[in-house]
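Working through the structure, step by step
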Amino acid sequence: MKPIVIFTATYNHPDQLRELYKSLLNQEKKEFSWVIVDDGSGPETEEVCREIQKEKLLDVFVMKQENSGKGRATNTAIDVLTPEVEFFAVIDDDEVLSPSAVDVIWKYAETYRDSDCVAMNFCRRDEKGGIAPAPYVDQDYFMSVQEHISRKRTTGGYIGYFVKKLGGVRFTIYKGERYIAPSTLMMKATAKNQRLLWCREIIGTTEFLEGGITKQGRRLKVKSPNGMVEYCGLMQGNGSSFFNRLKYSAMGYAYASIGGKNVQGNEYLKAFSKIAYLPGIALGAYWKKKFVK
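Below: a short report on this structure.

In this section: the packing of helix 11 (residues 242-258) against helix 12 (residues 273-291). Relative orientation of the contacting elements helix 11 and helix 12 amounts to 50°, with a least axis distance of 7 Å. As far as their axial angle goes, helix 12 and helix 11 are oblique. The two elements helix 11 and helix 12 cross, and the hand of that crossing is right-handed. Of the residues in helix 12, those touching helix 11 at Leu-246, Ser-249, Ala-250, Met-251, Tyr-253, Ala-254, Tyr-255, Ser-257 and Ile-258 are Ser-273, Ile-275, Ala-276, Tyr-277, Gly-280, Ile-281, Leu-283, Gly-284, Trp-287 and Lys-288. Here the residues of the contact of helix 11 with helix 12 are counted per class, giving 13 nonpolar, 5 polar and 1 charged.

This is how it looks when you write it as structure tokens:
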């Protein structure tokens, strides 16, 4: 494999995967490998993956797993990376990268490889011209996910990791759950004196698909309550505001109650237990009635 890896988890989006492939073929810098994990797709997506490999126009590796979500697919991909891989960029199958994207990633990786930067988040446009993360800031800056959200800035964009600095940090996989928030890994990776760089460069465009993670929203999250409890716990640390720590404590209790957990003893829900417990239980009952069928 090449030092830069583009990773894509795909699930039944053959047309979008072809468009991403075209944008990768158009890269000004071809020094990268593409790792695709097929998350239990049907025959049409499998055929697209075979076609891509058969053409041999890129350094492509394809793996298939039972449908179990992007978190597991990410873990699978990281675990097969060879020693020469330095940087691992997560690009979804509904993205189209600009021709200079890989060149930009390379330059940032070369600049920060010997620093305490473990992860970088690049900007993207959506189909309406909006930029994520928002509001757009025309400069690079270091900031934790928790502080970013506390400052009313969204996440989003294209996240990438320095593989060796990431070490053994992975998404936690919860039995029967297919969703875990992408920023969970970002927060875990920066928990031990390593930093997250928010990059000003806009390197691609995304199309939020019907039925995709973004548009499913809360309905998807309540189906994976254990992963959301972990996320809510992590959101209470490392630069989080008082309000957000209180908010995510209550939300954590809500998800824990949906998952049938012993909410009083959960390691992620220690903060604000006396204040957040009852509102969280009430919120969980509301979400369960509204979203759980």
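Here the narrative resumes, following the displayed structure.
This next bit is on helix 2 (residues 43-55). Along its 13 residues, helix 2 runs 18 Å from first to last C-alpha, staying within 8% of the 18 Å computed at 1.5 Å per residue. Here helix 2 has its buried residues at Thr-45, Val-48, Cys-49 and Ile-52. Across the axial projection of helix 2, the buried residues extend over an arc of 100°, all falling on one side. Across from the buried face of helix 2, at angles greater than 90 degrees, the exposed residues are Pro-43, Glu-44 and Lys-54. Buried residues along helix 2 sit in contact with strand 1 (4-10), helix 1 (14-25), strand 2 (33-39) and strand 3 (59-65). Just downstream of helix 2 lies Lys-56, where phi reads positive at about 55°.

What follows concerns the packing of aromatic side chains. This structure, assessed with the given rule, holds 10 aromatic pairs. Judged by centre distance (5.3 Å) and plane angle (15°), the rings of Phe-7 and Phe-88 are stacked. Remark: Phe-88 occurs in strand 4 (residues 87-90) and Phe-7 occurs in strand 1; sequence separation between them is 81 residues. Pair check on accessibility: Phe-7 and Phe-88 agree, each one buried. Where Tyr-255 meets Trp-287, the ring centres are 4.9 Å apart and the plane angle is 40°; that geometry is what we call tilted. Taken together, the positions of Tyr-255 in helix 11 and Trp-287 in helix 12 put the pair 32 residues apart, joining distant regions of the chain. Taken together, the aromatic side chains of Tyr-108, Tyr-112, Phe-122 and Phe-142 make up a single cluster linked through ring pairs. If you follow Lys-29 out to its NZ or CZ, it ends over the ring of Trp-106, 5.0 Å from the centre.

Rules used in this analysis
- Residues numbered from 1 in each chain as written.
- Predicted model: local features only at pLDDT ≥ 70, side-chain atom pairs only at ≥ 80, totals over all residues.
- Heavy atoms only, no water.
- Axes fitted to C-alpha atoms, helices over the stretch in contact; angles between N-to-C directions.
- Helix = DSSP H or I, 4+ residues; strand = E, 2+ residues; numbered from the N terminus.
- Parallel < 35°, antiparallel > 145°, perpendicular 65-115°, else oblique.
- Left-handed = near helix turned anticlockwise from the far one by under 90°.
- Contact = heavy atoms within 4.5 Å.
- Nonpolar A, V, L, I, M, F, W, Y, C, P; charged D, E, K, R; others polar.
- Expected span 1.5 Å × (residues − 1).
- Buried < 20%, exposed > 50% of the residue type's maximum accessible area, 1.4 Å probe, protein only.
- Arc of directions from axis to C-beta.
- Phe/Tyr/Trp six-rings, centres within 6.5 Å; stacked < 30°, edge-to-face > 60°.
- Lys NZ or Arg CZ within 6 Å of the ring centre and 35° of its normal.

Structural measurements only, silent on function.
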